[in-house]
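Here are the chains, one letter per residue:
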Amino acid sequence: MCGIVGFYGPDDVAHDIVFGLTALQHRGQDAAGIATFDDNFHLCKGNGLISDVFRPKQLKKLKGNIGIGHARYTTQGSNDAELAQPFTTSYPFGLAMVHNGNVINFRSAAKRLHEKYHVLPKTSNDLELIMYTFASELRLKNLDNLSVIDIFDAVETTQELVKGAYATITVIAGHGLLAFNDPLGIRPLVLGRRDTERGPIYAFASESTCFDYLGFEFIKNVGPGQAIFIDQNFQVHYKNPYSLPKNFCVFEHIYFAREDSTIHGRLVARERVRLGKMLARKVIESGIQPDMVIDVPSSGYFAASGLAEAIGVPYRRALVKNNHMGRSFIVSSQAGREDIVKKKLNPIREFVAGKKIAVVDDSIVRGTTSRRIVRILREAGAAEVYFISSAPPITSPCIYGIDMAMSTELIAANYTEEEICRYIEADKVIYQSVEDLQELFAEERGHGGSCFACFTGQYPTGDVTKYLRHIQEERQSHRSDKKGPDVIPSVSAKAPEPTEH
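All residue numbers refer to positions counted from 1 along the written sequence of the respective chain. This being a predicted model, a pLDDT of at least 70 is required before a residue's local features are given, and a value of 80 or more before pairs of side-chain atoms are given or counted; all residues contribute to the totals for chains, interfaces and linings. The basis for every side-chain value is the complete set of heavy atoms in the structure, and neither hydrogens nor water enter the calculation.

## A few points about the overall build of the protein
And then number 1: Regarding its fold elements, the protein presents 17 helices and 23 strands.
And then number 2: When burial is assessed residue by residue, the protein has 60% of its 501 residues classed as buried.
And then number 3: Across the protein, the fraction of contacts at a sequence separation of at least 24, relative to all contacts at a separation of at least 6, is 70%. A run of DSSP states H or I qualifies as a helix once it reaches four residues; a run of E qualifies as a strand once it reaches two. Both are numbered from the N-terminal end. Throughout, exposure labels follow a simple rule: accessible area from a 1.4 Å probe, protein chains only, divided by the maximum for the residue type, with under 20% read as buried, over 50% as exposed, and the rest as partly exposed. Pairs of residues are marked as contacts when any of their non-hydrogen atoms sit within 4.5 Å.

Structure representation (structure tokens):
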């Protein structure tokens, strides 16, 4: 999962790109990059947070009224700085591209590029596959008289050849700004506009919260399979979307997106409250009687408040978060995640001591972070701790850009709820039901459906067995210098502390 932005207006756009990326920092903390264009491409990228990579000295060099930016969260490959986006290529015209998502036919697409177009990707970043496939198709057109139809034809062929989840933004030097999605619309992308005295500024971004910060008007979501091109006269051109149904990632609503974003007509905060209220039935049926409901900040807040309201139990914010620490889920190692949890969450002992606590988190992925949270509450004096997940059990790997790509890393894929409860040392574990989640995000208001693959194992792109095998081989290769593969440890009473995942 990553954050992407693109801006095109009458004046330099570097500062808008930086502020836009800052609003999307929650989507990626590994690396960041910006490419702008005037007569040439100007590129700045590196490892770290937005504030680490872009200093005033670098921003002065990022000239141009069109540009793109990227905040990287590594799901595949390494954290090498050379893999930071944007990527550029000089032919045809000069292209700079960013993307959010994950290509699932990397090997076959790379082979086709090499055999048909004689292009050899330099890195393992799947953005290269998208960019070079698009560039190879574009160069077959009449480049002396390139039309919008030519651009959209190249997009359509790219979408046919490159499989997986991707939202992309591309600068076509001397022509304009292009955005397109995969045919199923798995990843988010929105279009906005801000009017100025010198003319309009158009922007694409992963989430609408970016527009709130910068004073842009939301125009529309980039639909599944859709392409939008803004030409040099600031005319907006639309390619009709595919007829396939939308399969938007439901985990965006549960965890990844910011609560103040609106995605496909749904305010994320409101949907999380509804998730909490839906949990009330299962909590009541379980027979537990908590004294208070608390959240794991900050993605668990709205679900916790919804649950507390529905069961008539006080809500308290009893875990205080150090906002200067990163999101533990998107840290690349379990040791790093454990360390962040220890440092970023501090219990308010006066609220917790002697109480039966229902703690609501967005999900339980590997279980080790959940266990640490339970221990923190017990050390603060909680009498009982009930761990409640606003997501159903995650039983299948996500292959579309969220870092949970091996079944051996997913505790719910290997153990029962009772065993999970024992492992995380809670008095009770309660999950959202898949059926309730599917009902909440069923197709309505013309916005289409959602992808539930990580809960059901039913992937919208079809049979992915071969790709899952490739992912496992890659991860084992990257971890070959460690003591052993990442697996869920024993859930016995004397289970050892895991070293990874």
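## Side note on the confidence of the model for the protein
And then number 1: A residue-level look at the protein finds 87% of positions with pLDDT of 70 or above and a mean pLDDT of 89.
And then number 2: Confidence of the prediction at every residue is given by pLDDT, a number between 0 and 100. Note on residues 481–487: pLDDT under 50 across the span, and nine contacts to partners over four residues away in sequence or across chains.
And then number 3: Of the regions scoring below 50 in pLDDT, residues 493–501 engages in 30 contacts with residues more than four places distant in sequence or in other chains.

## Focus on the sheet that holds strand β20 (residues 356–361)
And then number 1: For two strands to be treated as a pair, DSSP must find no fewer than two bridges joining them. Read from one edge to the other, the open sheet built from four strands follows the order β17-β20-β21-β22, with strand pairing classed as parallel. A strand with exactly one partner marks an edge of an open sheet, and here the two such strands are β17 (292–295) and β22 (428–431). Mean inter-strand twist for the sheet, computed between neighbouring axes without regard to direction, equals 25 degrees.
And then number 2: The sheet contact formed by β20 and strand β21 (residues 384–389) spans six bridges and is parallel. Residue pairing across strands places Val359 opposite Phe387, the latter belonging to β21.
And then number 3: Only C-alpha atoms enter the line fits that serve as axes; for helices the fit covers just the stretch in contact. Angles between N-to-C directions range over 0 to 180 degrees. Lying over the sheet, helix α9 (residues 268–286) contacts β21 and β22, oriented at roughly 150 degrees with respect to β22.
And then number 4: Of the strands in this sheet, β17, β20 and β21 touch helix α10 (residues 301–311), which is tilted by about 165 degrees from β17.

## Structural notes on the UniProt feature "binding site: [4Fe-4S] cluster" (unreviewed entry) in the protein
And then number 1: UniProt positions are given in the numbering used here, feature names are shortened, and annotations may be inferred rather than shown by experiment. According to UniProt, the "binding site: [4Fe-4S] cluster" (unreviewed entry) feature falls on Cys249, Cys398, Cys451 and Cys454. Annotated residues spanning 206 residues; largest pairwise C-alpha distance 10.2 Å, indicating a single compact cluster.
And then number 2: Considering the arrangement of structural elements, one finds Cys398 in the loop between β21 and α14 (417–424).
And then number 3: A relative accessible area of 10% places Cys398 in the buried class.
And then number 4: By secondary structure assignment, the location of Cys451 is in strand β23 (residues 449–451).
And then number 5: Among residues more than four places away in sequence, those in contact with Cys451 are Asn247, Phe248, Cys249, Val250, Tyr400 and Pro460.

## Points about the pairing of strand β3 (residues 41–47)
And then number 1: Two strands pair when backbone bridges link them, and strand β2 (residues 31–37) and β3 are joined in this way by seven bridges, in the antiparallel orientation. From the neighbouring strand, Ala32 faces β3, where its bridge partner is Gly46.
And then number 2: The hairpin formed by β2 and β3 contains three residues between the paired strands.

## Regarding the sheet that holds strand β5 (residues 87–89)
And then number 1: Ordered by their spatial adjacency, six strands build an open sheet running β5-β6-β7-β8-β12-β13, and the pairing between neighbours is antiparallel. If you trace the sheet from one side to the other, it starts and ends with β5 and β13 (236–239), each paired once. Across the sheet, the axes of successive neighbouring strands diverge by a mean angle of 15 degrees, strand direction being ignored.
And then number 2: Sheet topology places strand β12 (residues 227–231) next to β13; four bridges connect them, and they run antiparallel. Across the sheet, residue Phe229 finds its bridge partner in β13, namely His237.

## Concerning the nonpolar core
And then number 1: As used in this record, nonpolar core signifies buried Ala, Val, Leu, Ile, Met, Phe, Trp, Tyr and Cys residues forming a set joined through side-chain atoms within 4.5 Å. Core analysis: the largest hydrophobic core is formed by 34 residues, its most contacted members being Phe251, Ile254, Tyr400, Leu437 and Phe455.
And then number 2: At the level of elements, α8 (251–256), α15 (434–440), α16 (453–456) and α17 (465–478) are the ones that each hand at least two residues to this core.
And then number 3: Considering every element that reaches this core, the biggest residue donor is α8, with four residues.
And then number 4: Here the bounds of each domain stem from an automatic or database domain assignment. Split by domain, this core shows at least three residues from each of two domains, domain 1 (3–245) and domain 2 (266–323 + 340–476).
And then number 5: Among all residues touching Tyr400, those that are not within four sequence positions of it are Gly101, Asn102, Ile104, Gly164, Ala165, Ile186, Arg187, Cys451, Tyr459, Pro460 and Thr461.
And then number 6: In terms of nonpolar packing, the next biggest core, distinct from the first, is built from 29 residues, Tyr117, Met131, Val155 and Val162 among them.

## Structural notes on α10
And then number 1: Listed in full, the buried residues belonging to α10 are Ala303, Ala304, Gly306, Leu307, Ala308 and Ile311.
And then number 2: If you follow the buried residues of α10, they end up packed against α9, β17, β20 and β21.
And then number 3: Note on α10: the residue one or two positions beyond its end, Gly312, has a positive phi of about 70 degrees.

## Brief notes about the packing of aromatic side chains
And then number 1: Between the rings of Phe, Tyr and Trp (Trp by its six-membered ring), a pair exists once the centres lie within 6.5 Å; its type follows the angle of the planes, with under 30 degrees stacked, over 60 edge-to-face, and the other angles tilted. Counted by the stated rule, this structure contains twelve aromatic pairs.
And then number 2: Between Phe134 and Phe180, the aromatic rings sit 6.3 Å apart at their centres with planes inclined by 40 degrees, giving tilted as the arrangement. With a gap of 46 residues between them, Phe134 in helix α5 (residues 127–138) and Phe180 in strand β8 (residues 176–181) connect regions that are remote in the sequence. This pair shows no difference in class: Phe134 is buried, exactly as Phe180 is.
And then number 3: By way of ring pairs, the aromatic residues Tyr73, Phe251, Tyr255 and Phe256 are connected into one cluster.

## Quick word on the pattern of salt bridges
And then number 1: Salt-bridge detection follows one rule: a side-chain nitrogen of Lys or Arg within 4 Å of a carboxyl oxygen of Asp or Glu. Tallying each qualifying case throughout the model produces 16 salt bridges.
And then number 2: Among the salt bridges present, the one from Arg198 reaches Asp11, with a minimum N-O distance of 2.7 Å. Of this pair, Arg198 sits in the loop between β9 (190–196) and β10 (199–205) while Asp11 is found in the loop between β1 (3–8) and α1 (14–23), placing the two residues 187 residues apart along the sequence.
And then number 3: For Arg198, a relative accessible area of 58% translates into the label exposed.
And then number 4: Salt-bridge contacts for Glu425 lead to Arg375; the nearest nitrogen and oxygen are separated by 2.8 Å. Residue Glu425 is found in the loop between α14 and β22, and its partner Arg375 is found in helix α13 (residues 368–379); the two are separated by 50 residues along the sequence.

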